[in-house]
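Structural overview
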Amino acid sequence: MTTWFIVAAAVLIVELFVGTVYLLVVSAALFGAGLVYWLTGNNSIAVAAAAVLSAAGIWLVHGKFKKTAPRQELNDDLDIGQTVHILQRLHGDCYEVAYRGTHWQAQAENADAVQTTSTAVITGKNGNVLLIRLN
């Protein structure tokens, strides 16, 4: 009976070093299996309980993380929202802009709306081409 609780504690300690929530779920499932073994005295029922509790817990945690995962491309890009200076219009909606001390190629989202402007705001990136909105 105490084997289930010892293994649950060992998995919990490993989870503290690794930092994954899934091992916490497995540790809780092993603790639940220890309780099932304590109540029934049947090892095969405890193994089945550990499997069912682990699968259900991992499914729930995975679903919660999937819903609340932030969009990485918006959170990691510090250039979005920054102002650039337009140097020249190349062709169509393509511009050459100055940003962070160098010249970049940029593509305007609203090139037809504004004819003459000296600044724009970065709205995204397409490879190494800045996507801008003219002011």
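It should be noted that the structure appears before, not after, this text.
The number of helices and strands found in the protein is 4 helices and 5 strands. Overall, the protein shows an N-to-C arrangement of helices and strands of α-α-α-α-β-β-β-β-β. Rg of the C-alpha trace for the protein: 28 Å, well past the compact-globule value of 14 Å for 135 residues, more than 25% over. Dimensions along the principal axes, computed over C-alpha positions, put the protein at roughly 80 × 25 × 20 Å. Evaluated residue by residue, the protein yields a buried proportion of 27% over its 135 residues.

Mapped onto the fold, Val36 is located in helix H2 (residues 21-40). Separated by 46 residues in sequence, Val36 and Gln82 have C-alpha atoms that sit 58 Å apart. Beyond its immediate stretch of four places on either side in the chain, Val36 contacts Gly41, Ile45, Ala46 and Ala49.

With that out of the way, let us pick up the sheet that holds strand E2 (residues 94-99). Around the barrel, 5 strands lie side by side as E1-E2-E3-E5-E4; this closed barrel has mixed pairing. Each strand axis lies, on average, 50 degrees off the axis of its neighbour in the sheet, ignoring direction. Summarising the sheet, E2 and strand E3 (residues 102-108) pair through 6 bridges and their orientation is antiparallel. Note on E3: the bridge partner recorded for Cys94 is Gln107.

Now for a nonpolar patch on the surface. Together, Met1, Phe31, Leu35, Trp38 and Leu39 make up a nonpolar patch on the protein surface, roughly 550 Å² of accessible area in all. Structurally, Leu39 is set in helix H2. A relative accessible area of 66% means that Leu39 is categorised as exposed.

Any two side chains of opposite charge can pair, on the condition that their charged atoms come close. All chains considered together, the criterion is met by 3 salt bridges. Notably, a salt bridge pairs Asp79 with Arg100, separated by 3.2 Å at the nearest N-O pair. Residue Asp79 is found in the loop between helix H4 (72-76) and strand E1 (83-91), and its partner Arg100 is found in the loop between E2 and E3; the two are separated by 21 residues along the sequence. Judged by relative accessible area, which is 8%, Asp79 ranks as buried. The shortest N-O distance in the salt bridge between Lys125 and Asp79 comes to 2.7 Å. Residue Lys125 is found in strand E4 (residues 119-126), and its partner Asp79 is found in the loop between H4 and E1; the two are separated by 46 residues along the sequence. Lys125 gets classed as partly exposed once you look at its relative accessible area, which sits at 37%.

Let us now look at the side chain of Ser54. Relative to the helices and strands, Ser54 resides in helix H3 (residues 43-68). If near-sequence neighbours (up to four positions away) are discounted, Ser54 is found in contact with Val25, Val26 and Ala29.

What counts, and at which threshold
- Residues numbered from 1 in each chain as written.
- Predicted model: local features only at pLDDT ≥ 70, side-chain atom pairs only at ≥ 80, totals over all residues.
- Heavy atoms only, no water.
- Helix = DSSP H or I, 4+ residues; strand = E, 2+ residues; numbered from the N terminus.
- Rg over C-alpha atoms; globule rule 2.2 N^0.38 Å.
- Buried < 20%, exposed > 50% of the residue type's maximum accessible area, 1.4 Å probe, protein only.
- Contact = heavy atoms within 4.5 Å.
- Pairing = 2+ DSSP bridges.
- Axes fitted to C-alpha atoms, helices over the stretch in contact; angles between N-to-C directions.
- Patch = residues over 30% accessible without salt bridge, like charges linked within 9 Å, V, L, I, M, F, W, Y side chains within 5 Å.
- Areas by Shrake-Rupley, 256 points an atom, 1.4 Å probe, with all protein chains shown as cover.
- Salt bridge = Lys/Arg side-chain N within 4 Å of Asp/Glu carboxyl O.

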